[in-house]
Amino acid sequence: MNGSEFVPLSLVPMLTGIFVAVACALPGNFLVLRRQALIGDAISHVVLPGIVVAFLLTGVVSTWPMLLGAAGAALVAVLAIEGVRRLGKIESGAAMGVVFTAMFAGGVLLLEQSDTSNVHLDVEHALYGNLESLIWLDATGWASLFDPEALATVPVELPRMAVTLLFVALFTTLFWRPLKISTFDEGFARTIGMKTGPLGLGLVIVAAIAAVAAFDAVGSIIVIAMFICPPAAARMMTNRLEHQIAWSVLFATLAAILGYVLAGYGPLWIGMRDSVSAAGMIATVSGVVLGLAALMGPHRQRGAAAPAA
Amino acid sequence: MIWEALTLQLGYNATLVTLGATLLGMAAGVGGTFLFLRKRALVSDAISHATLPGVALAFMVMVAFGGDGRNLIGLLLGAALSAAAGLLLVSWLSNRTRLAEDAAIGSVLSVFFGLGIVLLTVIQTMSAGRQAGLEDFLLGSTAGMLRNDALIIAVAAALTLALVLLLRRPLTLASFDPEYGTAIGQNVPRTDLAMMGLVLAVTVVGLKIVGLILIVALLIIPPVTARFWSERTDHVVLISGALGGIAAYIGAALSAAQPNLPTGPIIVLVGFALFALSLLLAPGRGALTALLRHRRYQRRVHLRQGLLALAHGQPIYEQLTLRLLRAEGYALPDGVATKAGRGRAAKALRDETRWQLIRRDPAYEAAAQQYDGLTPIETVLTADQIREIDSRIDMRGGVMA
């Protein structure tokens, strides 16, 4: 694998995949511990109507209206779920199911009704993403990394995901103590005067930002997988939150790299001509990692005594 | 056109599809109720996503054996097998590892779906052009449905519905009171398994009509809606089945009448409209009733406090209280009590004094627990008891009106 081939074709998608995976896995750790793991699933479904509405309003496929539409839809969904849960006194899983399926149905309907056939905006694209198409046209080799002219043509998804990852990491660091305390003992957090409500909402909003930013580049399925699988696998490895986060970042990175390589080169190794979906393969690899952790992780059982530390 | 669709006059095929969808809606509504009552609504999400790799694998296997790969029964069989595998993995992860059920559901659905998409891209390169229709399983489509497909779906949905009705007693018991079920010798885990099997069957049958993402809606929305209308499990099951059937019937008919309305989303949105109406309007649990009940309670509290204030001769500053007293004719605009108001205030004070006494007397413990500051004492104590209480008040020389 030489630089003149790797840098233009694979470097950008691979890095984008890693950034997406880590940006989703970081808030995912807290969501899994708080039993809100399916928030990522709900958000990635409701993003569709948001994007379609943004397209119908502006009439163009451009980044910012789409991102705003997606973020708006995610916020509407979170509020609607909470509203249904409280007004109807319905348990949160069912409330979530009602809201996100209805919003997704609305999105599909709008999509079919509006004339979007000539635009690159369809449901399959939303599900699969287009990680493979993030080609860095002007790159010629490793030297391009230091060439300002070539750097200017890097696919915009890469810097966008880098900024998102930075933001998510910053949030996690700044709110580390309150997040940790309120996740493990919400009652205690409240008695020491912590505002657990806004903090929980903040976490969900950060998760939504990560999901929406990732959605455009890599599709929804990898987003859901990265919210849950790396943190869940990490949870089997340790009882300490700090270590769990580190493991989840490692697993997410591993899934992104291995999944991308397997999707691109795996079929060639077994004698097939074309590559397969990178997003799907990254999700699959993260599942294999989770499966191995569930079979062999030192802390896989509930309440099992920790081995001598 | 829409009227003709609703009265099944759009021809044989449209009628078959509408009836098939209606049966499916009923089966989903009934089956989903038990899932909802067992607080496992989102398990259906995992089941439905887990069908995708099975559909793709079945297609590949059928092509490998020389078929054209689009045999519906074969595809549904593949879907059922991989959904069952996903279901087993969810229960293994949530029972045998420390993962909570929601994390187990989320990981299984995303990984199976990712694998399914990988397989779909393999199929795309494998036999270009021949996989047309396979993607319909993602979002559902009745446009290309053949008569045979519609018949298979209708029959399977009817069988599922019959099975649910046959098993409704153990299912009801297991969702409503699993401990009692175990105590009287029912095998609750096996009933749970049967319930999951039913949901799986509904999901697989519904794939072709509404698609694997939206079938979840048919399993969740009708039961949640039905729960607003009844407190009895068997009624919730029936209402949910009826709601699912109505949503599917109207949705399928609308979609048959208008060629550019996709069936799955329309059915789901009709179901959601029924849900929204119920959330607002249902008696008992509806939001509007709850609001009215709250308002009524608030008014009673304010009125009572206002009357007590009048009896003590205290000035009233609270606007709502003042307005209520005036509306009832108990007070003048300046807050001075009318004759009727003085009478009511005295009674309120007397009742309050009676309550104070019985709440301190262990002999009246049961009655005293009914105290909430609003309940008229006559509804709790007999006339004799009240006389006895009053005699004590007189002995202490307390205030009497």
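Model, not experiment: these values are computed from the prediction.

**Examining the overall build of chain A**
Here comes step 1: Helices and strands together make up the secondary structure of chain A, namely 13 helices and zero strands.
Here comes step 2: The C-alpha atoms of chain A give 20 Å as radius of gyration, which agrees with the globular expectation for 309 residues (19 Å, within 12%).
Here comes step 3: By principal-axis analysis of the C-alpha atoms, chain A measures approximately 60 × 55 × 40 Å.
Here comes step 4: Residues classed as buried in chain A amount to 57% of the 309 residues present.
Here comes step 5: Pairs at least 24 residues apart make up 71% of the contacts formed inside chain A by residues separated by at least 6 positions.
Here comes step 6: A total of about 13200 Å² of accessible surface is found on chain A, and carbon and sulfur atoms cover 67% of it.

**Quick look at the overall build of chain B**
Here comes step 1: In terms of helices and strands, chain B carries 19 helices and zero strands.
Here comes step 2: What you see for chain B is a C-alpha radius of gyration of 31 Å, clearly larger than the 21 Å of a compact globule of 401 residues, by over 25%.
Here comes step 3: For the C-alpha atoms alone, the extent of chain B along its principal axes is close to 100 × 55 × 35 Å.
Here comes step 4: When each of the 401 residues of chain B is scored for burial, the buried share is 54%.
Here comes step 5: Expressed as a percentage of contacts within chain B between residues at least 6 apart in sequence, the contacts between residues at least 24 apart total 66%.
Here comes step 6: Treating the 34 positive side-chain charges of chain B as one cloud and the 26 negative ones as another, the clouds have centres 2 Å apart.

**Remarks on the confidence of the model for chain B**
Residues and elements named next belong to chain B.
Here comes step 1: When pLDDT is averaged across chain B, the result is 84; 94% of the residues are at 70 or more.
Here comes step 2: For chain B, helix α7 (residues 136-139) is the element with the lowest average pLDDT, namely 73, and helix α12 (residues 215-227) is the one with the highest, namely 94.
Here comes step 3: Here residues 397-401 is a poorly scored stretch, pLDDT under 50, and it has seven contacts once near neighbours within four places are set aside; other chains count.
Here comes step 4: Among the scores for the predicted complex, ipTM is 0.91 and pTM is 0.84.

**Considerations on a positive patch on the surface**
Here comes step 1: A grouping of Lys89 of chain A together with Arg293, Arg296 and Arg300 of chain B is seen on the molecular surface, where their side chains present a positively charged patch.
Here comes step 2: The residue lysine 89 of chain A is located in the loop between α3 (63-88) and α4 (92-113) in this model.
Here comes step 3: The exposure class assigned to lysine 89 of chain A is exposed, which follows from its relative accessible area of 60%.

How each quantity is defined
- Residues numbered from 1 in each chain as written.
- Chains lettered and ligands numbered in written order.
- Predicted model: local features only at pLDDT ≥ 70, side-chain atom pairs only at ≥ 80, totals over all residues.
- Heavy atoms only, no water.
- Helix = DSSP H or I, 4+ residues; strand = E, 2+ residues; numbered from the N terminus.
- Rg over C-alpha atoms; globule rule 2.2 N^0.38 Å.
- Buried < 20%, exposed > 50% of the residue type's maximum accessible area, 1.4 Å probe, protein only.
- Contact = heavy atoms within 4.5 Å.
- Areas by Shrake-Rupley, 256 points an atom, 1.4 Å probe, with all protein chains shown as cover.
- Lys, Arg positive; Asp, Glu negative; His and termini not counted.
- Charge placed at Lys NZ, Arg CZ, Asp CG, Glu CD.
- pLDDT = per-residue confidence, 0-100.
- Patch = residues over 30% accessible without salt bridge, like charges linked within 9 Å, V, L, I, M, F, W, Y side chains within 5 Å.
- Salt bridge = Lys/Arg side-chain N within 4 Å of Asp/Glu carboxyl O.

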